[in-house]
Amino acid sequence: MYGVIVAELGGPEGLRVAELPDPVAGPGQVVVRVRAACVQPADIAARVGMIPGGPVPPPFLPGWDVAGEVAAVGDDVSDLRVGDRVVGMIPWYLTRGTPGAYAELVAMDAEWLVPLPDGLDHAAAATLPLNAVTAHQALALLSLADASTVLVTGASGGVGGFAAQLAAQRGHRVLAVATHDDQAWVGGLGAAEVITRETELASIGPVAVAIDAIPLGDPAAAAVKDGGIVVTTRPTAPIDPSRDINQQLQLIHLEREVLADLVGQAAAGTLRTRVAATMPLREAAEAHRLVEAGGLRGKIVLTT
């Protein structure tokens, strides 16, 4: 098979198409024929060597999100069969590129996968695991028992867009920060109010809680009342301790039942996602360039 490896840390030119041995399913594993793999900022961070735990020595395979079909089944797997459509997440924080998603075939634990309903195509499905599960878990960190006003930054993006929808589903009043000229999409996610990214967020508060999905750091915290909660998706500078704000960092952990529910919602049309473009896996370097350039409306998905 072929895959796209990080042959050297640095720019997109460090991504190379390589012939690799076909993977074999071990106990508790299946081999997935990859049809779609989403390009994530986390992939770019791995490529440049800026990830928790330090850089991974090349060569390695980037990629968290996988959608495709089961090509082989290992021992001790009872709930998946050859030919099943599946979608899942490689917990890259554990595998660190062995495996990663940028390949024609991937051997991965069966528990990292859920069935993919016929109503959802591979490309759309591949946008869900990392971003939608992160959004679900970020919302859970807020521990909101009653309806509240929730500020969500980065609502034009993957995590922020899913967080806005999931918060609105739970009856919260969502104030969603949108990229310029993207207010219509964000407004369709259930936000009570769409705020342009140029807005001084301190002027809209105070709100009790915020999911800072960009993250902005202090500008988002300025909208939160003293004693409130801010959840970020990457480390940010400490907030002034005199404000007594509970500052939480959301780091993804795989929850299979949560992923299955989110995939089911997307297939039913109650959870929205969007794909900016699909590109052949062999063009992963160009896909990375486009993601780094910014301005996309949706995810770039690599296909085989």
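See the structure printed just above.
Residues numbered from 1 in each chain as written. Predicted model: local features only at pLDDT ≥ 70, side-chain atom pairs only at ≥ 80, totals over all residues. Heavy atoms only, no water.

Chemist: I'd like to hear about the overall build of the chain, residue by residue, with values.
Modeler: The helix and strand tally for the chain stands at nine helices and 15 strands. Its C-alpha atoms give the chain a radius of gyration of 19 Å, within 12% of the compact-globule value 19 Å for 304 residues. In terms of its C-alpha atoms, the chain occupies a principal-axis envelope of roughly 55 × 40 × 35 Å. For the chain, the residues scored as buried account for 52% of the 304 residues in total. Long-range pairs, those at least 24 residues apart, make up 64% of the contacts in the chain with a sequence separation of at least 6. When the accessible surface of the chain is split by element, carbon and sulfur atoms take 52% of a total near 12,700 Å². Of the charged side chains in the chain, 20 are positive and 33 negative, and the gap between their average positions amounts to 3 Å. (Helix = DSSP H or I, 4+ residues; strand = E, 2+ residues; numbered from the N terminus. Rg over C-alpha atoms; globule rule 2.2 N^0.38 Å. Buried < 20%, exposed > 50% of the residue type's maximum accessible area, 1.4 Å probe, protein only. Contact = heavy atoms within 4.5 Å. Areas by Shrake-Rupley, 256 points an atom, 1.4 Å probe, with all protein chains shown as cover. Lys, Arg positive; Asp, Glu negative; His and termini not counted. Charge placed at Lys NZ, Arg CZ, Asp CG, Glu CD.)

Chemist: Break down the environment of G298 for me, with residues and values.
Modeler: Turning to its location among the elements, G298 is positioned in the loop between α9 (284-293) and β15 (299-303). Spatially, the C-alpha atom of G298 lies 8.9 Å from that of T127, the residues being 171 residues apart in sequence. Those residues in contact with G298, other than ones at most four positions away along the chain, are R274 and A276.

Chemist: Could you give me a rundown of the side chain of T233, with the residues and numbers involved?
Modeler: Mapped onto the fold, T233 is located in the loop between β12 (224-232) and β13 (246-249). Judged by relative accessible area, which is 17%, T233 ranks as buried. Reaching out from T233, the side chain makes a polar contact with the backbone oxygen of A213 at a distance of 3.3 Å. Sequence-distant contacts of T233, that is, excluding residues within four places in its chain, are made with T134, V159, D212, A213, P215, L249 and Q250. (Polar contact = N/O pair within 3.5 Å; in protein donor to acceptor, adjacent residues only side chain to side chain.)

Chemist: With reference to specific residues and values, describe the layout of surface pockets.
Modeler: One way to see where empty space is left: roll a probe the size of a water molecule over the atoms. Of the pockets and cavities examined, the second largest pocket occupies roughly 220 Å³. What lines the second largest pocket is a set of 14 residues, among which M1, L20, L61, G97 and P99 lie closest to the centre. Within the lining of the second largest pocket, the residues separate by chemical class into 12 nonpolar, two polar and no charged. (1 Å grid on protein atoms, 1.4 Å probe; cavity = no way out; pocket = protein on both sides within 12 Å on 5 of 7 lines; lining within 4 Å. Points joined across faces, edges and corners; volume = space filled by probe spheres on them. Nonpolar A, V, L, I, M, F, W, Y, C, P; charged D, E, K, R; others polar.)

Chemist: Before we move on, could you go through the sheet that holds strand β11 (residues 207-212) and cite the residues and values that matter?
Modeler: Spatially, β10-β9-β8-β11-β12-β13 is the arrangement adopted by the six strands of the open sheet, whose pairing is parallel. Both edges of this open sheet fall to β10 (193-196) and β13, since each of them pairs with a single strand only. Between one strand axis and the next, the sheet turns by 20 degrees as a mean value, whatever way the strands run. Packed on one face of the sheet, helix α5 (residues 158-169) meets β8 (149-153), β9 (173-178) and β11 and runs near 165 degrees to β8. (Pairing = 2+ DSSP bridges. Axes fitted to C-alpha atoms, helices over the stretch in contact; angles between N-to-C directions.)

Chemist: Describe the packing of aromatic side chains, listing the residues and the values that go with them.
Modeler: Taken as a whole and assessed by the stated rule, the structure comprises two aromatic pairs. Judged by centre distance (5.6 Å) and plane angle (70 degrees), the ring pair of F60 and W92 falls under edge-to-face. Taken together, the residues span a long stretch of sequence, with F60 in the loop between α1 (41-48) and β4 (65-73) and W92 in helix α2 (residues 92-95) at a distance of 32 residues. As far as the burial class goes, F60 and W92 line up, both buried. Seen in terms of ring centroids, W64 and Y93 are 5.9 Å apart; in terms of plane orientation they differ by 45 degrees. Their pairing is tilted. Placement of W64 in the loop between α1 and β4 and of Y93 in helix α2 is noted, with a sequence separation of 29 residues between them. Relative accessible area serves as the criterion here: at 36%, Y93 is assigned to the partly exposed category. (Phe/Tyr/Trp six-rings, centres within 6.5 Å; stacked < 30°, edge-to-face > 60°.)

Chemist: Any chance you could break down helix α8 (residues 256-268) for me, citing the residues and the numbers?
Modeler: Over its 13 residues, α8 extends 18 Å from the first C-alpha to the last, a length consistent with the 18 Å expected when each residue adds 1.5 Å. Immediately downstream of α8, the backbone of G269 shows phi near 85 degrees, a positive value. (Expected span 1.5 Å × (residues − 1).)

Chemist: I'd love a proper account of the pattern of salt bridges, names of residues and values included.
Modeler: According to the stated counting rule, one finds 10 salt bridges in the structure shown. E193 is the partner of R173 in a salt bridge, and the nearest nitrogen-oxygen pair spans 3.6 Å. Taken as a pair, R173 in strand β9 and E193 in strand β10 lie far apart in primary sequence, 20 residues in all. Classification of E193 as partly exposed rests on a relative accessible area of 35%. Across the salt bridge formed by D226 and R243, the nearest N and O atoms sit 2.8 Å from each other. Within this pair, whereas D226 is found in strand β12, its partner R243 is found in the loop between β12 and β13, the two being separated by 17 residues in sequence. According to the relative accessible area criterion, D226 is exposed, its value standing at 51%. Linked by salt bridges that have partners in common, D182, R274 and R297 make up one network. (Salt bridge = Lys/Arg side-chain N within 4 Å of Asp/Glu carboxyl O.)

Such coordinate-based values are descriptive only and should not be taken to indicate function.
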